[in-house]
Amino acid sequence: MYKLYTRPGSGGFVAEAAFALADVPYERINVAKSEAADPQFRVVSPLGQVPALALPEGGSMTESAAICILLGERYPEAGLAPGLGDEARADFLRWMAFLSSALYPAVLRRYYAPRYTADPAGKVAVEDAATAEIDRLFAVVDAQLAGRDWLAGERLSLADVYLLMLYSWHPEAEGARGSFPNVERVCEGLRQHPVLRELNAAHELW
């Protein structure tokens, strides 16, 4: 059985959503943020970050986007991602990479600013720059969603769930609703999805 190391309110949300949407059983192992990681967790996640996934066949993997892509490939019947022969596959991979490598790091800089400066007085400048970058990147996504229901193809994929998670962490949520109407429209629909709504009871992202 899969073992998913995660915690409420973390990037583990999208990995948990993947398992729930695919109806694939897994063991959820909560790793407290302030808790010293046990040796087994460090084997799975050397950086001590969640989500991390121990695979049933042995081995492990980290990185939320990679976990989502893997589960999409392993359970194609669940429709978590466009298949290899689907023309929407390119968009799916593009947006998964964009969200995880551009937007997610900007969010981390905003909330963990002291990690990104050696200047004791530099925290506010890092936060301000990160917020500006978050808005710049959400504007790109908002433009992509103009006249569209989903980021990739004609149906929900894990790219949309990933977007929902990151959008929920926008540091200026009220302003974001007015600034990114297409992102808000898609995410509001996802907030009503029964699987995601139930999962949010533990994560409290919105």
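Check the entry above for the structure.
Residues numbered from 1 in each chain as written. Predicted model: local features only at pLDDT ≥ 70, side-chain atom pairs only at ≥ 80, totals over all residues. Heavy atoms only, no water.

**Here's the deal with helix α8 (residues 181–191)**
Logical step 1: Every buried residue belonging to α8 is among Asn 182, Val 183, Glu 184, Val 186, Cys 187, Leu 190 and Arg 191, and all of these are buried.
Logical step 2: Elements that come into contact with the buried residues of α8 comprise α5 (123–144), α6 (158–168), α7 (173–179) and α9 (194–203). (Buried < 20%, exposed > 50% of the residue type's maximum accessible area, 1.4 Å probe, protein only. Helix = DSSP H or I, 4+ residues; strand = E, 2+ residues; numbered from the N terminus. Contact = heavy atoms within 4.5 Å.)

**What to know about the pairing of strand β1 (residues 2–6)**
Logical step 1: Most of β1 is tucked away, with 4 of its 5 residues classed as buried.
Logical step 2: In this structure, β1 lies alongside strand β2 (residues 26–30), joined through 5 bridges in parallel fashion. From the neighbouring strand, Tyr 2 faces β2, where its bridge partner is Tyr 26.
Logical step 3: The handedness of the β1 to β2 crossover, carried by helix α1 (residues 12–22), is right-handed.
Logical step 4: With 3 bridges joining them, β1 and strand β3 (residues 52–54) adopt antiparallel strand pairing. (Pairing = 2+ DSSP bridges. Right-handed = clockwise from strand over helix to strand, strands pointing away.)

**Section: the packing of aromatic side chains**
Logical step 1: For the structure shown, the criterion picks out 10 aromatic pairs.
Logical step 2: Taking 6.0 Å as the distance between ring centres and 80° as the angle between the ring planes, the aromatic pair formed by Phe 13 and Trp 206 counts as edge-to-face. With Phe 13 in helix α1 and Trp 206 in the segment after α9, the pair connects residues that are 193 residues apart, well separated along the chain.
Logical step 3: Judged by its relative accessible area of 0%, Phe 13 is buried.
Logical step 4: Relative accessible area serves as the criterion here: at 33%, Trp 206 is assigned to the partly exposed category. (Phe/Tyr/Trp six-rings, centres within 6.5 Å; stacked < 30°, edge-to-face > 60°.)

**Things to note about the side chain of Thr 131**
Logical step 1: Considering the arrangement of structural elements, one finds Thr 131 in helix α5.
Logical step 2: The residues touching Thr 131, leaving out its near neighbours within four places in the chain, are Arg 110, Pro 171 and Glu 172.

**Some words on the nonpolar core**
Logical step 1: Residues Leu 103 and Val 141 are the most contacted members of the largest nonpolar core, which totals 57 residues.
Logical step 2: Sequence-distant contacts of Leu 103, that is, excluding residues within four places in its chain, are made with Phe 98, Ile 134, Leu 137, Phe 138, Val 141 and Leu 166.
Logical step 3: Tyr 5, Val 31, Phe 41 and Val 44 belong to the second-largest nonpolar core, a separate cluster that totals 7 residues. (Core = buried A, V, L, I, M, F, W, Y, C linked by side-chain atoms within 4.5 Å.)

**Some remarks on the pattern of salt bridges**
Logical step 1: Applying the stated criterion to the full structure yields 10 salt bridges.
Logical step 2: For Glu 127, the salt bridge is made with Lys 123, and the minimal N-O distance between the two is 2.6 Å. Here Lys 123 and Glu 127 lie together in helix α5, a separation of 4 residues that amounts to about one turn.
Logical step 3: For Glu 127, a relative accessible area of 15% corresponds to the buried category.
Logical step 4: The exposure class assigned to Lys 123 is partly exposed, which follows from its relative accessible area of 38%.
Logical step 5: Of the charged contacts in the structure, one is a salt bridge between Glu 188 and Arg 191, with a shortest N-O distance of 2.7 Å. Of the two residues, Glu 188 and Arg 191 are both situated in helix α8; the distance of 3 residues between them amounts to about one turn of the helix.
Logical step 6: Given the relative accessible area of 10%, Arg 191 is considered buried.
Logical step 7: By sharing partners, the salt bridges in this structure join Glu 174, Arg 177, Glu 184, Glu 188 and Arg 191 into a single network. (Salt bridge = Lys/Arg side-chain N within 4 Å of Asp/Glu carboxyl O.)

By themselves, these observations are geometric and do not establish any function.
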